[in-house]
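Residue strings, one per chain:
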2 protein chains.
Amino acid sequence: MANITKKVSWSSRADESAAAGEATPLLNGSEQPQHSRQDSLRGRPKEIPHNEKLLSLKYESLDYDNIENQLFLEEERRMSYMGFRCLEISRWVVCGLIGFLTGLIACFIDIVVEQLAGIKYQVVKENIEKFTEAGGLSISLILWAVLNFTFVMVGAIIVAFFEPIAAGSGIPQIKCYLNGVKIPRVVRLKTLVIKVCGVICSVVGGLAVGKEGPMIHSGAVVAAGVSQGRSTSLKRDFKIFEYFRRDTEKRDFVSAGAAAGVSAAFGAPVGGVLFSLEEGASFWNQMLTWRIFFASMISTFTLNFFLSIYHANPGDLSNPGLINFGRFEGDSVTYNLYEIPLFIAMGAIGGLLGALFNVLNYWLTIFRIRYVHRPCLQVMEAMLVAAVTATVSFTMIYFSNDCQPLGPESTEEYPLQLFCADGEYNSMATAFFNTPERSVRSLFHNQPGTYNPLTLGLFTLTYFFLACWTYGLAVSAGVFIPSLLIGAAWGRLCGILLASITSTSSVGAQHSSAIWADPGKYALIGAAAQLGGIVRMTLSLTVIMVEATGNVTYGLPIMLVLMTAKIVGDYFEEGLYDIHIKLQSVPFLHWEAPATSHWLTAREVMSSPVTCLNRIEKVGTIVDILSNTSTNHNGFPVVVQVPGSDEPAKLCGLILRSQLIVLLKHKVFVELARSRLTRRKLQLKDFRDAYPRFPPIQSIHVSQDERECMMELTEFMNPTPYTVPQETSLPRVFKLFRALGLRHLVVVDDENRVVGLVTRKDLARYHLGKHGLEELQLAQT
Amino acid sequence: MANITKKVSWSSRADESAAAGEATPLLNGSEQPQHSRQDSLRGRPKEIPHNEKLLSLKYESLDYDNIENQLFLEEERRMSYMGFRCLEISRWVVCGLIGFLTGLIACFIDIVVEQLAGIKYQVVKENIEKFTEAGGLSISLILWAVLNFTFVMVGAIIVAFFEPIAAGSGIPQIKCYLNGVKIPRVVRLKTLVIKVCGVICSVVGGLAVGKEGPMIHSGAVVAAGVSQGRSTSLKRDFKIFEYFRRDTEKRDFVSAGAAAGVSAAFGAPVGGVLFSLEEGASFWNQMLTWRIFFASMISTFTLNFFLSIYHANPGDLSNPGLINFGRFEGDSVTYNLYEIPLFIAMGAIGGLLGALFNVLNYWLTIFRIRYVHRPCLQVMEAMLVAAVTATVSFTMIYFSNDCQPLGPESTEEYPLQLFCADGEYNSMATAFFNTPERSVRSLFHNQPGTYNPLTLGLFTLTYFFLACWTYGLAVSAGVFIPSLLIGAAWGRLCGILLASITSTSSVGAQHSSAIWADPGKYALIGAAAQLGGIVRMTLSLTVIMVEATGNVTYGLPIMLVLMTAKIVGDYFEEGLYDIHIKLQSVPFLHWEAPATSHWLTAREVMSSPVTCLNRIEKVGTIVDILSNTSTNHNGFPVVVQVPGSDEPAKLCGLILRSQLIVLLKHKVFVELARSRLTRRKLQLKDFRDAYPRFPPIQSIHVSQDERECMMELTEFMNPTPYTVPQETSLPRVFKLFRALGLRHLVVVDDENRVVGLVTRKDLARYHLGKHGLEELQLAQT
């Protein structure tokens, strides 16, 4: 009843491993799942029912808390002040590298897309010109559709068959990662390669997508790779940055990478920093923020620099970002007090349209989860969308007769004449043939009168449904640019209508009409409203929009519009990314515990009983516990029993599955240590080398003799885990857990005995639904 | 040996209260101060030796952790979901109000300053014109000096005699407040009134000061007042926002107020948010940030709107902020790759000059602490500075002959002809007579050739020393504008020199020379470098500068310049605000524990033994503990002893001095409760009404009979205080303490017995000095 097949989930490999060894890691203390799993995994039925009131147990947590065991403390104590300075400098170097590489990737994507789109345009244009007079436009249609088809097919195949996690914008996945959920394979090199190729294919394939969202994912992958100083995929270890091989440091760098991605995408370094903080920060640290900002700046700068060379204007650094809203300058940027209510009304429209978009996409995603879960089906759907997109566009171009003069001041790079008179071009065709980025810019800046209201209306309608259908396909693509484009189209429409209303009603009002007459301003407001209504980001989106316009004057209206869009939209439906996160049943922790959860205490929330280990434990016991697939725990409280007394055992530390596995692998047994005195002592390096892909317990061979040995855990466990008493209220537990980015929180009684363990799923389970506090069920998928 | 007299410290009243009842609150567990206090308090010697390796115990902490006792939990549990929604809405309303009022105050200050400066200019100008020909300019000098004198005297008197904490910019105090240190009287209404009047007087008095810094303080006071729904000074309680009467909520609102202040001062709403976060955030919360941003936006908007009315251009909202850098548009804003090294070099110069400024100001401040500690001396010093400023300015004007044509495009509002030919004006005089804000703008935007290099050089030199002398005087004044002005002056000088070098060396390079020739760009970079070198803010300052220029193009160079200035400056000396915080011996917590402090554990850091209370405690014992002036504890662990057993007592809660005082005041004794059953149960409201100024223990009368009664603390104590084991390393303790904004952290052994208590001073004590980890001494002053 309660399974989502993994073929449409973010990561299909978890599926295979589960089928192979039933090794899906469970969090500690979760009870046995009540439903049987046989029907869902092997049989793979045609229709997979989906229940969204579930919380998946397949996701592990990242541990933002350092494991301060003796090894760690010894290393830290040995390190001199200069050592820490060097570390700090290498953090800066890594951030600079992250920014540089992210900028390079953005530059590569941009140039390849532009080249391929140029070729495609040339081919189609020549063909159209050949056939327009002869009346054989259907051949051009087929040519165009086939071209788009091919690109989209390649893009869909590499994503669906090689790396399903590279589908979509990647922003929900990065949100989860920064929130502290380990999404399998999300920051691997292979994902990056597929993502980059996929986004090029889908953008060139003419889908209603943008290349900005994927940049954020790309930046995060770059960061995760660079900061570790090695690539597990390429099996290369550069032996540098070994200190950074742990969740704490890696997550910080991934924040920087995501920020660099935003920064490259929108030319918005501050917006990038705020995005990372909004999504990822639990504890704000000034130096970290400053480093993130550095990475962002370097990324914009790199992109800017190389693009300036590409555009044969080297050294001019004034046009950052993949998408550039163009310059808003002079009189057109001013707005007046009486326009504020209009802006707010547009924000409300954006919120409504955004909610509609999200609801439609939600239904579509559920449909996809149920029926479209095989890679080949996914590829076919993507190709269908490509074909429909091409057909719809061509039909609209065919029947539109919105001809515009091709003046010398016209900035269109790809004008299409079609049935227009000489010296004119078809504006609908231009809107579809241009890259979406360029269309957005045209909507913002073209002279009043460039667009026919009917064209705009039809374009909005078509593009809205196309974009909605496209998001969630098995192609790498972002939703930012389509949203901006839809919004800019209806925003400009609003501007035109306002101008016509005021000019008919009050002919004398020259001054006011001059202000109303600038539809570009309304296009900008509409774009902000639509984007805000769909993604529901707050501060960071405001800053991104302001930075992309390059002018702070619009700060206030953009903020008001985004705020309205968010309030109106939230009334109906969550943001698009949150919907997708929820549909994946990810244990996502919000900022605060639900407001009405004060009546819950740690006692009710925690998982119990807890599997504890003794400070000196038998190897056999450890192997058995680790191999127990029904309770696949990841963290184990270590307890100590006063010898000879019958007092209950007290908590004395916490040890992780990953540490135990390294210990077993190196056979750190008490008896062996005695017999082989020369044996090298286990060092922190051994744990770092194994990070982050610790081998499964099945791959470690322990002989029957070794099972009788003992393991001394004192040196390796974290002797000071954070604890809370049983009576602690849920919001208090939540705050501690969230602020410190914990993975395990031990609940103790007033004698310091372990009574339970709180992990991410125990907290993410509670959420505010329509009928007050709701509790999600836990499911193993 | 170790006292700073309080007359020059931020708050002189602590002095009086200490003298009156020796009630200076001490933190729990601090050992007795070793030195006697008699000599310093009464005798007040002429020279007061000062030792900066001290940490004052007179500052209390704010408690960002909610006291989740039974009363609180009952209230939260009674509250419905709608109740929480209403609370959330009222938070937004409060933030809106904060923004609105802060904007109004900024508007008021701006208009009054402009009016008074206009009057002063008129009077002096008429006088000068009368005497320039006749040769009696000395009379004009005296007139001018007397005018300045009078204003500064009034400003200094109200500050020195009525509210010493209103002196300076208030930014160090707000930094401390947001960091979690309760600075006495810093957010009171009286402080606000004095601050506003004081800043008007000092700006009009012609001192080298700005009115921007004080806006941040003003915003914070407004926030603290509005959010509490009452004014203790005015003895008015509006019975609203009672829920917000606790440290947690108040501190959030004060963050919003500070952000609104920055936003009003610089027209930089995002910069304001980042300032608040940089200084105050421990735990970042999306909704809170969004609210802070709302307050900031409203503040800019209000200021903007009312100023547009004042400037008779109602409804034009395009010019935010008290200081406006003017529009950087068109070709002048572009910069090229080869200019980056120049910018970085200028950043280094800014860092050097900033460090010099800070060192000089540091010596000056120590001198002031030692010798200038009486209010009358402070007023005299302020008047001396006013006189010297006037004299120096006049001398420079007198001897300068830098005449500039008074063209139609000239934007000077206060041109002074002096000895120049008709149709010209004296540019030195203009620089001194203008408000500093206008001078900054002129330096950024005036045509190349407006300023003579010699004028600029002399102006930089003079203004540098004047500004340095002025900061720290007993007047309300900020250091932002003087820094910007100094930087803009030498930056413009750099620009002019570069242009002359390149024009002589390469005559043919027309294009390059055109770029070099824009000295306004270099003025901006210089201003950023100088300001960064002095205050050492990072991300927030970058964003403030970018927002004030209204153009994101300069983001990268400004960031690089600020980074360089900070690195170079930090090598020599701390930032100006940090110096002043350190000189006040405030227990300020930085972002992280010192890097090399892993060898310290909670056991070494904590204060012990700890005064504990029993769950049911005798009133007499409590009164005695609270009255003990030698160990003026503020938080008491509550322990429970198993009756009849001799096991040691276990920790079961934490109770604060303020709570005990309210309990004593309301005589919540077990015996009385039994005898008077109708007695009203003590509610959370009683604690809120007493917040934040709880009466001292001396004012509560407890009779001898009552001393024999018992008090039941269970209902009022926080039953789940955060605890750490003794072995926890200092960085780990620090992280918990800082991330959650704690006030007391209980250290327990493995039987859950109290062994120590960690408070702010225990953590702030350790810092990285020149010779590794240093430990500050604790002192009672």
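The structure displayed is predicted, hence computed values, not measured ones. (Residues numbered from 1 in each chain as written. Chains lettered and ligands numbered in written order. Predicted model: local features only at pLDDT ≥ 70, side-chain atom pairs only at ≥ 80, totals over all residues. Heavy atoms only, no water.)

1. Observations concerning the overall build of chain A
- The number of helices and strands found in chain A is 30 helices and 18 strands.
- Residues classed as buried in chain A amount to 65% of the 781 residues present.
- The contacts of chain A with a sequence gap of at least 6 include a subset with a gap of at least 24, amounting to 79%. (Helix = DSSP H or I, 4+ residues; strand = E, 2+ residues; numbered from the N terminus. Buried < 20%, exposed > 50% of the residue type's maximum accessible area, 1.4 Å probe, protein only. Contact = heavy atoms within 4.5 Å.)

2. What to know about the relation of the copies chain B and chain A
- You can overlay chain B on chain A at an RMSD of 0.0 Å; the transform is a turn of 180° with a shift of 0.0 Å along its axis. What the rotation and shift describe, once combined, is the action of a two-fold rotation axis. (Least-squares fit on C-alpha atoms with pLDDT ≥ 70 in both.)

3. Brief notes about the pattern of salt bridges
- Considering all chains together, one arrives at 58 salt bridges over all chains under this definition.
- Linking Arg-603 of chain A and Glu-727 of chain A is a salt bridge whose minimum nitrogen-to-oxygen distance equals 3.8 Å. Taken together, the residues Arg-603 of chain A in helix 23 (residues 602-605) and Glu-727 of chain A in the loop between strand 13 (723-725) and helix 29 (730-740) connect sequence positions 124 residues apart.
- Arg-765 of chain B is the salt-bridge partner of Asp-762 of chain B, the closest N and O atoms lying 3.9 Å from each other. The burial state of Asp-762 of chain B is the same as that of Arg-765 of chain B; both residues are buried.
- When salt bridges that share partners are traced, they join Glu-88, Arg-91, Arg-246, Glu-249 and Arg-291 of chain A into one network. (Salt bridge = Lys/Arg side-chain N within 4 Å of Asp/Glu carboxyl O.)

4. Remarks on the environment of Ala-156 of chain A
- Locating Ala-156 of chain A in the fold gives a position in helix 5 (residues 137-162).
- Residue contacts for Ala-156 of chain A: discarding those within four places in its chain leaves Val-379, Ala-382, Ala-474 and Val-475 of chain A.

5. Digging into the domain arrangement of chain A
- Assigned domains of chain A: these are domain 1 (337-503 + 515-584) and domain 2 (602-778).
- Placing the centre of domain 1 of chain A and that of domain 2 of chain A at their C-alpha centroids yields a distance of 50 Å. (Domains from an automatic or database assignment.)

6. Observations regarding the interface of chain B and chain A
- Across the contact, 86 residues belong to chain B and 86 residues belong to chain A.
- For the pair chain B and chain A, the number of links is four salt bridges.
- Scanning the region where chain B abuts chain A turns up 20 residue pairs in polar contact (both at pLDDT 80 or more).
- For the side of chain B that touches chain A, the elements supplying multiple residues, two or more each, are helix 3 (70-78), helix 4 (81-132), helix 10 (269-280), helix 11 (286-310), helix 20 (539-549), helix 21 (555-572), strand 13 (723-725) and helix 29 (730-740) of chain B.
- By residue number, the principal contributor to the side of chain B that touches chain A is helix 11 of chain B, which donates eight residues.
- Residues belonging to the side of chain B that touches chain A are distributed by class as follows: 42 nonpolar, 26 polar and 18 charged. (Polar contact = N/O pair within 3.5 Å; in protein donor to acceptor, adjacent residues only side chain to side chain. Nonpolar A, V, L, I, M, F, W, Y, C, P; charged D, E, K, R; others polar.)

7. Here we look at the UniProt feature "domain: CBS" (unreviewed entry) in chain A
- As recorded in UniProt, the sites labelled "domain: CBS" (unreviewed entry) are residues 717-775 of chain A.
- Annotated as residues 717-775 of chain A, this span is 27% helix and 37% strand, and its ends, taken at the C-alpha atoms, are 33 Å apart. (UniProt positions renumbered as here; feature names shortened; annotations may be inferred.)

8. Thoughts on the sheet that holds strand 15 (residues 754-759) of chain A
Residue and element names in this part refer to chain A.
- Taken in spatial order, the three strands line up as 13-14-15 in an open sheet, and their pairing is mixed. The open sheet terminates on both sides in strands that have one partner only, identified here as strand 13 and strand 15. Strand-to-strand twist of the sheet, defined as the mean angle between neighbouring strand axes without regard to direction, takes the value 30°.
- For strand 14 (residues 744-748) and strand 15, the ladder comprises five bridges, and the chain directions are antiparallel. Pairing of Leu-745 across the sheet is with Val-758, part of strand 15.
- Its contacts with the sheet put helix 29 on strand 13, strand 14 and strand 15, and the angle it makes with strand 14 is roughly 145°. (Pairing = 2+ DSSP bridges. Axes fitted to C-alpha atoms, helices over the stretch in contact; angles between N-to-C directions.)

9. A few points about the packing of aromatic side chains
- One pass over the full model with this rule turns up 34 aromatic pairs over all chains.
- Through successive ring pairs, a cluster of aromatic residues spans Phe-100, Phe-301, Phe-305 and Phe-306 of chain A.
- Above the plane of the ring of Trp-591 of chain A lies Arg-738 of chain A, whose end atom (NZ or CZ) is 4.5 Å from the centre.
- Directly above the ring of Tyr-243 of chain B sits Arg-246 of chain B, whose terminal nitrogen or CZ lies 4.6 Å from the centroid. (Phe/Tyr/Trp six-rings, centres within 6.5 Å; stacked < 30°, edge-to-face > 60°. Lys NZ or Arg CZ within 6 Å of the ring centre and 35° of its normal.)

10. What about the state of the cysteines?
Residues and elements named next belong to chain A.
- In this structure the tally under the stated criterion is zero disulfides over all chains.
- Cys-95 carries a free sulfur, and the closest cysteine sulfur to it, the one in Cys-86, is 16 Å from it.
- Assessed through its relative accessible area of 2%, Cys-95 is described here as buried. (Disulfide = S-S within 2.5 Å.)

11. Here's the deal with helix 9 (residues 247-266) of chain A
All names here are of chain A.
- With 20 residues, helix 9 extends 28 Å between its outermost C-alpha atoms, agreeing within 8% with the 28 Å of an ideal straight helix rising 1.5 Å per residue.
- Among the 20 residues in helix 9, 20 count as buried, and that is most of the element.
- Gly-267 sits one or two residues past helix 9 and shows a positive phi near 60°. (Expected span 1.5 Å × (residues − 1).)

12. Some remarks on the environment of Leu-740 of chain B
- Here Leu-740 of chain B is to be found in helix 29.
- Under the relative-accessibility criterion, Leu-740 of chain B is labelled buried at 0%.
- Sequence separation between Leu-740 of chain B and Leu-473 of chain B is 267 residues, and the spatial gap between their C-alpha atoms is 36 Å.
- With near-sequence residues (within four places) excluded, Leu-740 of chain B lies in contact with Lys-735, Leu-736 and Ala-739 of chain A together with Tyr-64, Asp-65 and Tyr-722 of chain B.

13. A short note on the side chain of Lys-250 of chain A
Residues and elements named next belong to chain A.
- Considering the arrangement of structural elements, one finds Lys-250 in helix 9.
- Salt bridges are absent for the buried Lys-250, whose nearest opposite-charge side chain, Asp-247, sits at 6.2 Å.
- Leave out the neighbours within four places in its chain, and Lys-250 touches Tyr-177, Val-187, Ala-224, Ser-227, Gln-228, Phe-244, Tyr-691 and Pro-692. (Lys, Arg positive; Asp, Glu negative; His and termini not counted.)

14. Quick word on unusual backbone geometry
- Put simply, Ser-608 of chain A and Pro-609 of chain A share a cis peptide bond, and its omega is -5°.
- For Phe-241 of chain B, which is not a glycine, the phi torsion comes out positive at approximately 55°.
- Tracing the backbone shows Phe-241 of chain B in the loop between strand 5 (236-237) and helix 9 (247-266).
- Judged by relative accessible area, Phe-241 of chain B falls into the buried class, the value being 18%.
- In this structure, Asn-752 of chain B is a non-glycine residue whose phi angle is positive, near 65°.
- Turning to its location among the elements, Asn-752 of chain B is positioned in the loop between strand 14 (744-748) and strand 15 (754-759).
- Judged by relative accessible area, Asn-752 of chain B falls into the buried class, the value being 12%.

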